[in-house]
Amino acid sequence: MRFGVLLLSIVASAALAQPFPSKPIRIIVPFTPGSATDTLARPVADKLQTALGQPVLVENRPGAGGTIGIAALAKSPADGYTLAVVSTGHVVNPVLYANLPYDTIKDVSGVAPIAGQPCVLVVSPQLGIKTVKDLVAMAKGKPGQMNYATAGVGSAAHICAEKFRMAAGIDAVHVPLKGSPESLTETMGGRTQYTWTPLSTAVGQIKEGRLLALAVSTARRSPQFPEVPTIAESGFPQAQFNFWVGMLAPAGTPRDVLNKLNAEIQKALAAPDMKERLANLGNEAMFMAPEEFNRFLRDEYATLGDVMRASGVKAQ
């Protein structure tokens, strides 16, 4: 009997001692395929799979501004085998959703940022305008009649759109959709008059002439489209916004696991092919240790939460 107990103890100890990772890893993306978050999560997952020697699977769980996917993450074991790639909207969801099934700060932990990029204000060429001031003049001439699409309530696109709406002093109707691809489709089709979207999601449509870029949200112009002015150059500096994407784990994930994932993500972002891929989509890699990324998340939570409260958006 004692021998059997001892054997079970040895087997259990051996299982616990297995180096991370010893089985497949799942990365939840709380937005649709083709969204800015998704297009960054997938190449990082590929790099991690090669580096760690285990399958790294991406699972899209869109809906409710990303909260469905994050709720699934928060309920997962804190062992590093379930992760999530989120974007800026993650930190404002407590303002927008009255009964979140998780605590945005306490129930998840930062692993690493991935990249930042501008959002871009786009319209259909058929709308007949050429500049941000043209759009604002049109909106002010039709108060409450123009529609703008976003990737959903609480998405980064929504934050950017609210900052612009307040800075420009316009009255327009928000049309929340499942993701950036859907918001671009609605704007190209004329069912919504404009949208803000992470630049990476609209590069192709802008280059093909299906969408007209009026401004980028960052302080500097994008190297991808140097002819497109910044929103500050267009007269609305209060609408500046930096979109970011990063990886989270459940709170309580062991520090050595977080550090290992962070180190491999940083290696992936520094690889020449990844640097080129990021640049082609208007992204700039971000490098922070887990502790630094957690401080960044707390700062964004405070700052952007105030923005959304000021916008008057009602909690759902």
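Use the structure listed above.
Read on for a plain summary of the structure. Keep in mind that this is a model prediction, so the values were computed, not measured.

### A few points about the overall build of the protein chain
Then step 1. Each helix and strand counted, the protein chain has 11 helices and 11 strands in total.
Then step 2. A compact globule built from 316 residues should have a C-alpha radius of gyration of about 20 Å, and the protein chain, at 21 Å, falls within 12% of that.
Then step 3. Principal-axis analysis of the C-alpha atoms places the extent of the protein chain at approximately 85 × 45 × 30 Å.
Then step 4. Taken over 316 residues, the protein chain has a buried fraction of 52%.
Then step 5. Contacts spanning at least 24 positions in sequence make up 78% of the contacts within the protein chain whose residues lie at least 6 apart.

### Brief notes about helix H7 (residues 180–188)
Then step 1. Considered for burial, the residues of H7 that qualify are Ser180, Ser183, Leu184 and Thr187. Looking down the long axis of H7, one finds its buried residues gathered within 100 degrees of arc, a one-sided arrangement.
Then step 2. Buried residues along H7 sit against strand E5 (119–123), strand E6 (147–150), strand E8 (194–198) and helix H8 (199–207).
Then step 3. Directly after H7, the chain includes Gly190, whose backbone phi takes a positive value near 85 degrees.

### Looking at the packing of H7 against H8
Then step 1. In the contact formed by H7 and H8, the axes pass within 10 Å of each other and the chain directions differ by 35 degrees. In this structure, H7 meets H8 at a crossing whose hand is right-handed. Contacts from Ser180, Leu184 and Met188 in H7 reach Thr201, Ala202 and Gln205 in H8.
Then step 2. When the residues that make up the contact of H7 with H8 are grouped by side-chain class, the tally is 3 nonpolar, 3 polar and no charged.

### Details of the sheet that holds strand E3 (residues 82–87)
Then step 1. Taking strand neighbours across the sheet as the criterion, the 6 strands line up as E2-E1-E3-E10-E4-E11 in an open arrangement whose pairing is mixed. Looking at which strands have only one partner, the edges of the open sheet turn out to be strand E2 (56–60) and strand E11 (284–285).
Then step 2. Pairing between strand E1 (residues 25–29) and E2: 5 bridges, direction parallel. Considered in E2, the bridge of Ile25 is made with Val56.

### With respect to the side chain of Thr150
Then step 1. The topology assignment puts Thr150 in strand E6.
Then step 2. For Thr150, a relative accessible area of 0% puts it in the buried group.
Then step 3. Not counting residues up to four positions away in its chain, the partners in contact with Thr150 are Ser155, Ala157, His158, Ala161, His174, Val175, Pro176, Leu177, Gly179, Ser183 and Thr195.

### Things to note about the environment of Leu281
Then step 1. For Leu281, the position within the fold is in the loop between helix H10 (272–280) and E11.
Then step 2. Residues Leu281 and Ala161, 120 residues apart in the sequence, show an inter-C-alpha distance of 21 Å.
Then step 3. In this view, Leu281 contacts Gln117, Leu199, Ser200 and Val203; residues no more than four positions away in its chain are not counted.

### Side note on the side chain of Asp38
Then step 1. As for its position among the elements, Asp38 is in helix H2 (residues 36–52).
Then step 2. When sequence neighbours within four positions are dropped, the list of residues in contact with Asp38 reads Val29, Thr32, Pro33, Val58 and Asn60.

### Structural notes on unusual backbone geometry
Then step 1. Across the junction of Phe20 and Pro21, the peptide omega takes the value -5 degrees, indicating a cis bond.
Then step 2. Of note, Pro21 is situated in the loop between helix H1 (2–16) and E1.
Then step 3. A positive phi angle, close to 55 degrees, is found at Ala64, a residue other than glycine.
Then step 4. For Ala64, a relative accessible area of 35% translates into the label partly exposed.

### Observations regarding the packing of aromatic side chains
Given two aromatic rings, their pairing is described by the distance between the two centres and the angle made by the two planes.
Then step 1. On inspection of all chains with the given rule, the structure shows 8 aromatic pairs.
Then step 2. Consider the rings of Phe164 and Tyr194, whose centres lie 6.1 Å apart with planes at 85 degrees: the pair is edge-to-face. In this pair, Phe164 sits in helix H6 (residues 156–168) while Tyr194 sits in strand E8, placing the two residues 30 residues apart along the sequence.
Then step 3. With a relative accessible area of 0%, Phe164 lands in the buried category.
Then step 4. Relative accessible area serves as the criterion here: at 0%, Tyr194 is assigned to the buried category.
Then step 5. Through pairs of rings, three or more aromatic residues link up here, namely Tyr148, Phe164, Tyr194, Trp196 and Phe236.
Then step 6. Positioned above the aromatic ring of Tyr81, the side-chain terminus of Lys23 is 4.7 Å from the ring centre.

### Concerning the nonpolar core
Then step 1. Within the largest apolar cluster, 82 residues are counted, with the highest numbers of intra-cluster contacts made by Val111, Val132, Leu135, Phe164, Tyr194, Trp196 and Met247.
Then step 2. With 7 residues, H2 is the largest single contributor of residues to this core.
Then step 3. With residues up to four places along the chain from it excluded, the contact list for Met247 reads Ile27, Val44, Leu48, Leu83, Ala84, Val85, Ser109, Gly110, Val111, Ala112, Ile265 and Phe293.
Then step 4. Membership of the second largest hydrophobic core comes to 12 residues, among which are Val122, Leu199, Ala202 and Val203.

Rules used throughout
Residues numbered from 1 in each chain as written. Predicted model: local features only at pLDDT ≥ 70, side-chain atom pairs only at ≥ 80, totals over all residues. Heavy atoms only, no water. Helix = DSSP H or I, 4+ residues; strand = E, 2+ residues; numbered from the N terminus. Rg over C-alpha atoms; globule rule 2.2 N^0.38 Å. Buried < 20%, exposed > 50% of the residue type's maximum accessible area, 1.4 Å probe, protein only. Contact = heavy atoms within 4.5 Å. Arc of directions from axis to C-beta. Axes fitted to C-alpha atoms, helices over the stretch in contact; angles between N-to-C directions. Left-handed = near helix turned anticlockwise from the far one by under 90°. Nonpolar A, V, L, I, M, F, W, Y, C, P; charged D, E, K, R; others polar. Pairing = 2+ DSSP bridges. Phe/Tyr/Trp six-rings, centres within 6.5 Å; stacked < 30°, edge-to-face > 60°. Lys NZ or Arg CZ within 6 Å of the ring centre and 35° of its normal. Core = buried A, V, L, I, M, F, W, Y, C linked by side-chain atoms within 4.5 Å.

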